[in-house]
Structure formats: structure tokens, C-alpha cells
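# Structural description and commentary
For reference, the chains in residue letters:
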Amino acid sequence: MAAKTERICLGPSVLILPYRNPLVTAKWFATVDALSGGRLFLGAGTGWWREEFEALGLSEQFAERGQRTDEYLRICKNLWSEDLAAYKGHFYSYEKVIAAPKPVQAGGIPIWIGGNSRRALRRVADLGDVWHPVVLTPPADLTPVELGTQRKWLESLYAERARNPATVQITPKTHLYFTANTARPLAGTPSKIVEDLLAYEEQGVGEFIFYVPGASEPEKLDNLQRIAEDILPQVAQ
């Protein structure tokens, strides 16, 4: 995908970090960032489905997935920034490790933290660059007002950690529907969807990632065209 494009950003939304060796993960992402000219982000999550951990032979790690995610992110940052890396953690320790090439993005690859919980927000403040929640999906619907409340708490976490609260970035992921039923946010006519997007923007959202609606590839392409022509011009900065 990087070879066939020039401008779009690429990244997983989201990669379940505890499933994978963090040194290999760090290497993967640094390499693709270099090959793409710095167009990569790392969407990171802890995972929530116990059966997936069991299927991968990692059932004993389910209870510690949050702790592992934090450590794995620290390992990625360490390998992306240090020429001769060393790290001592609870799950992994190493020294005199050379990982090349480094990411070409200044400061390393942006880390988008998935999740809607208070623990996820603390992870954003401690280790992330962007909060990447799923919205309008029960049990965490996160209407504009609810998201705004969460944003204020995240800003307080930034301040506690001597990070500038004004630098909080929020990029939710959600479904979007072209439909006659307008009861659900981000569903209805293009003008209704634009109205809903602007309501989220007022609460601090800078970007959205959409699941493109449609039951078939032609339908998805048609809806993608509608998004590009009828929605983006009304909300793009």
C-alpha cells in the first residue's frame, strides 16, 4: 500500500499488542515508516476477547494484557529512539540491541491508543499521541457530550504529567450510514451527518475514521464517493 500511494497515512486500527513479540513489532513499524517516507501510525489496543487469547495459546496473559501493552509500547519507543538500546521490564529485558532503520518521523511513529476506559485514557496520557476510541458502539456510545466529558478528564491527565492539554488529539472510529432513519448520530442524509460531525468537532475531535458502509464492493465504492463529494468538503479544514 505504501508503494502504491504517496499521501495517505497507513496504520492498524488497532493492533492488539499483547499478541505479538514487541521487538518484532517495533522492527516492523520502523521499517514500514522508513519505506513509506514517514506515513505510518501505530493504533494500539490491549484486546478484550478472552477466547482470542486462548486461541493463540496466550490465555495466561489475558489478565495482564494492560500491563503488557504498556511495557510493549515502552519497548517500541526505546527501540525507535536508541542506537544501542537497553531495557529492563517485567516481561522483557535486553541490552546492546541495534534496531535499524529508525522511523523517519521526528519523535517516532505516532501512537494512537484505542479504548474508551479510564485506563485507556491514562495510557494516552502516559504513552500515546492520539486518543482513538470507538464511538456509537455499545456499551461505550460516546455521544458528543459524553466524549467532551472524557476529553476534559484527558486534558487534566495531560496537565498532571506536564503535557500541554491543548495538544490532546482525538480521532474516533465509527460506522456511518446513509439512511432515511436519522435517530442514530452519523446516520441519515449527508447534511445530517455533517451536522453530527460538527457536533463532535465542537467537543475536540480533529479527525474521524469511518467504516465505509455497504454490503458489496460497488456499494462501498459508491458510498465512499458520496463521503468524498457530499461530506468532506463541508467539514475538511
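Structural data are supplied above this passage.
Only a predicted model underlies this, so the values are computations on that prediction, with no experimental measurement involved.

## As for the environment of Leu 58
Topologically, Leu 58 is positioned in the loop between α2 (50–55) and α3 (65–81). Each C-alpha atom, one on Leu 58 and one on Ala 26, is 20 Å from the other, the two residues being 32 residues apart in sequence. When sequence neighbours within four positions are dropped, the list of residues in contact with Leu 58 reads Pro 18, Tyr 19 and Phe 53.

## Thoughts on the environment of Glu 202
Mapped onto the secondary structure, Glu 202 falls in helix α6 (residues 190–202). For the pair Glu 202 and Glu 52, spaced 150 residues apart in sequence, the C-alpha separation works out to 37 Å.

## Some thoughts on the nonpolar core
Within the largest apolar cluster, 49 residues are counted, with the highest numbers of intra-cluster contacts made by Trp 80 and Leu 154. Among the elements that line this core, the one with the most residues is α3, at 6 residues.

## Regarding the packing of aromatic side chains
Under the definition given, this model contains 8 aromatic pairs. Taking 3.9 Å as the distance between ring centres and 15° as the angle between the ring planes, the aromatic pair formed by Phe 41 and Trp 112 counts as stacked. Of the two residues, Phe 41 sits in the loop between α1 (22–36) and β2 (42–45) while Trp 112 sits in strand β5 (residues 111–114), which places them 71 residues apart along the sequence. Taken together, a centroid distance of 5.3 Å and an interplanar angle of 80° make the contact between Phe 53 and Phe 62 edge-to-face. Of the residues examined, Phe 53 reaches a relative accessible area of 0% and is grouped as buried. You can call Phe 62 buried: its relative accessible area is 9%. Sitting over the ring of Phe 62, Arg 65 keeps its end group 4.0 Å from the ring centre. A cation over a ring is seen here: Arg 118 above Trp 153, with NZ or CZ 4.0 Å from the ring centre.

## What to know about helix α7 (residues 217–235)
An ideal rise of 1.5 Å per residue puts 27 Å on 19 residues; α7 measures up with 25 Å between its terminal C-alpha atoms. Along its length, α7 shows its largest kink, about 35°, at Ala 228. Buried positions along α7 lie against β8 (177–178) and α6.

## Focus: unusual backbone geometry
Residues Ser 13 and Val 14 are joined by a peptide bond in cis, for which omega reads -5°. Locating Val 14 in the fold gives a position in the segment before β1 (15–16). That bond from Ala 100 to Pro 101 is cis: its omega, 0°, falls within 30 degrees of zero. Note that Pro 101 resides in the loop between β4 (93–97) and β5. The backbone of Lys 96 sits at a positive phi, close to 55°, despite the residue not being glycine. Following the sequence through the fold, Lys 96 ends up in strand β4.

## Focus: the pairing of strand β3 (residues 85–88)
Side chains Ala 85 and Tyr 87 of β3 all project onto a buried face; the interleaved residues Ala 86 and Lys 88 project onto a face where none is buried. Bridging between β3 and β4 involves 3 bridges; their strand directions are antiparallel. Pairing of Ala 85 across the sheet is with Val 97, part of β4. Connecting β3 to the next strand, β4, in antiparallel fashion are 4 residues.

## As for the sheet that holds β5
Taken in spatial order, the 4 strands line up as β1-β2-β5-β6 in an open sheet, and their pairing is parallel. A strand with exactly one partner marks an edge of an open sheet, and here the two such strands are β1 and β6 (130–132). Where β1 meets β2, 2 bridges bridge the pair, whose relative direction is parallel. If you follow Leu 15 over to β2, its bridge partner there is Ala 44.

The rules behind these values
- Throughout this document, residue positions are counted from 1 along each chain, in the order its sequence is written.
- Given that this is a predicted model, residues contribute local features only at a pLDDT of at least 70 and side-chain atom pairs are listed and counted only at 80 or more, while totals for whole chains, interfaces and linings are drawn from all residues.
- Calculated side-chain values reflect all of the structure's heavy atoms, with hydrogen atoms and water omitted.
- A run of DSSP states H or I qualifies as a helix once it reaches four residues; a run of E qualifies as a strand once it reaches two. Both are numbered from the N-terminal end.
- The contact criterion used is simple: two residues touch if any of their non-hydrogen atoms lie within 4.5 Å.
- Side-chain atoms within 4.5 Å are what join buried Ala, Val, Leu, Ile, Met, Phe, Trp, Tyr and Cys residues into a set we call a nonpolar core.
- For every residue, the accessible area obtained with a 1.4 Å probe (protein chains only) is divided by the maximum for its type, and the residue is called buried under 20%, exposed over 50%, and partly exposed between those limits.
- Pairing of aromatic side chains requires ring centres within 6.5 Å, counting the rings of Phe and Tyr and the six-membered ring of Trp. Pairs whose planes differ by under 30 degrees are stacked, by over 60 edge-to-face, and all others tilted.
- The rule is short: NZ of Lys or CZ of Arg within 6 Å of the ring centre and within 35 degrees of the ring normal puts a charge over the ring.
- By this rule the span expected of a helix is its residue count minus one, scaled by 1.5 Å.
- The term bend refers to the angle at a residue between two fitted axes, each drawn through seven residues, those ending there and those starting there.
- Strand pairing is defined by DSSP finding a minimum of two bridges between the two strands.

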